[in-house]
Amino acid sequence: MDSENEVVDEKAGTSLAIPQSVQRAAGDVIHQAFERLLSSDVHVTTAAEAKRLLAEDDDTEQMTDAIQRFVGIATPVVRIALRGARFTRIPWVLVASTSVSIGVTVRTGVRELQVLAALLAHRFEEETGAQPDAALLQKLTLELYLRPRRTPNVSDVSLPLARLVRRWIVSGALGRSTRGKTDKALDAAERLDVASIAARAPSATPPSLRA
């Protein structure tokens, strides 16, 4: 059933055109999430520890403004998609709780990204003796979060924000949990050859938007 839901969600997500304004709002959420993580004393050493942390209360209260701004911009996009959806197997029902459900998904997603990034940062320090460049850490975290079964492409550090937005708004609108995919991403992070990733990464540049 989970794999079937993933296929349905993927079809729904690829049908959504994500405006630049929504991507920029998502970028603000991501940058704040990583700034908070990098300035904190959070340490995650294993995938099992990361999964335990995700079962605890999150720490996104101070990011409320950025998340609310994203939800406010993204919700009209979702509602337009709901009205025009043609995926008959998807319960595309426009309800008043759309913005609430997306907000919950984004808050959960932020926490998932922070924990995944903390594990990757530990892996880099353990295997290379240094913390990863912030732009590389963001890129690698999002690539694993969105496509845990694929080898991350770090040939550039532009961020796949359109894909991230699709994940969040489709999962929120349909009431899908993102936890299963995040667990796969954590397991992939634990197996990742980070020394090879670091060697292939380009010189540090500011993260940018990419569909």
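Here the structure is a predicted model, which is why all the values come from computation and not from measurement. (Residues numbered from 1 in each chain as written. Predicted model: local features only at pLDDT ≥ 70, side-chain atom pairs only at ≥ 80, totals over all residues. Heavy atoms only, no water.)

J.: Looking at this model, I keep getting lost on the pattern of salt bridges. Mind explaining?
T.: When charged atoms on two side chains of opposite charge get close, those side chains can pair. One pass over the full model with this rule turns up six salt bridges. Here Lys51 ties to Asp187 by a salt bridge, and the two come within 2.9 Å at their closest N and O atoms. Separated by 136 residues along the polypeptide, Lys51 in helix H3 (residues 47–54) and Asp187 in helix H8 (residues 179–191) bring together distant segments of the chain. Here Asp187 falls in the partly exposed class, since its relative accessible area comes to 26%. When the shortest N-O distance is used, the salt bridge between Arg163 and Glu143 registers 3.3 Å. One end of the pair, Arg163, is in helix H7 (residues 161–174); the other, Glu143, is in helix H6 (residues 134–146), with 20 residues separating them in the sequence. Residue class for Arg163 comes out buried when judged on its relative accessible area of 16%. Given the relative accessible area of 7%, Glu143 is considered buried. Among the charged side chains, a network of salt bridges with common partners joins Lys139, Glu143, Asp156 and Arg163. (Salt bridge = Lys/Arg side-chain N within 4 Å of Asp/Glu carboxyl O. Helix = DSSP H or I, 4+ residues; strand = E, 2+ residues; numbered from the N terminus. Buried < 20%, exposed > 50% of the residue type's maximum accessible area, 1.4 Å probe, protein only.)

J.: Looking at this structure, I do not really get the nonpolar core. What am I missing?
T.: One broad trend across soluble globular proteins is that nonpolar side chains are buried collectively. Core analysis: the largest hydrophobic core is formed by 57 residues, its most contacted members being Ile30, Phe70, Leu164 and Trp168. Contributions of two or more residues to this core are made by helix H2 (20–38), H3, helix H4 (64–84), helix H5 (98–128), H6, H7, H8 and helix H9 (194–200). Ranked by residue count, the leading element in this core is H5, at twelve residues. Contacts of Ile30, omitting those with residues within four sequence positions, involve Leu113, Gln138, Leu142, Leu159, Leu161, Leu164 and Trp168. (Core = buried A, V, L, I, M, F, W, Y, C linked by side-chain atoms within 4.5 Å. Contact = heavy atoms within 4.5 Å.)

J.: Before we go on, may I ask you to explain the packing of H5 against H7 in this structure?
T.: A pair of packed helices is captured by two measures, namely the crossing angle of their axes and the spacing between those axes. In contact at an axis separation of 8 Å, H5 and H7 are set at 130 degrees when each is read in the N-to-C sense. Taken together, the axis directions place H5 and H7 in an arrangement best described as oblique. For the pair H5 and H7, the sense of crossing is right-handed. For the pair H5 and H7, contact is made by Ser101, Ile102, Thr105, Val106, Gly109, Val110 and Leu113 and by Leu164, Trp168, Ile169, Ser171, Gly172 and Ala173, respectively. Looking at the contact of H5 with H7 residue by residue, the class counts come to eight nonpolar, five polar and no charged. (Axes fitted to C-alpha atoms, helices over the stretch in contact; angles between N-to-C directions. Parallel < 35°, antiparallel > 145°, perpendicular 65-115°, else oblique. Left-handed = near helix turned anticlockwise from the far one by under 90°. Nonpolar A, V, L, I, M, F, W, Y, C, P; charged D, E, K, R; others polar.)

J.: Hey, could you run me through H3 in this one?
T.: An α-helix turns once per 3.6 residues; consequently, residues spaced three or four apart project the same way. Restricting attention to buried positions, one finds in H3 the residues Ala47, Ala50, Leu53 and Leu54. Take H3 and look down its axis: the buried residues cluster within an arc of 115 degrees, on one side only. Contacts made by the buried residues of H3 are with H5 and H8. (Arc of directions from axis to C-beta.)

J.: Explain the environment of Ile30 to me, please; I cannot follow it from the model alone.
T.: Mapped onto the secondary structure, Ile30 falls in helix H2. Take Ile30: its relative accessible area is 0%, and that puts it in the buried class. The sequence separation of Ile30 and Leu113 amounts to 83 residues, and the corresponding C-alpha distance is 8.5 Å.

J.: Help me understand the side chain of Gln114 in this model?
T.: Within the element layout of this structure, Gln114 appears in helix H5. Look at Gln114 and you get buried, because its relative accessible area is 8%. Among the polar contacts listed, one links the side chain of Gln114 to the backbone oxygen of Ala33, at a separation of 3.0 Å. Not counting residues within four places of it along the chain, the set of residues in contact with Gln114 comprises Ala33, Arg36 and Leu37. (Polar contact = N/O pair within 3.5 Å; in protein donor to acceptor, adjacent residues only side chain to side chain.)

Functional significance is not addressed by these values, which are geometric in nature.
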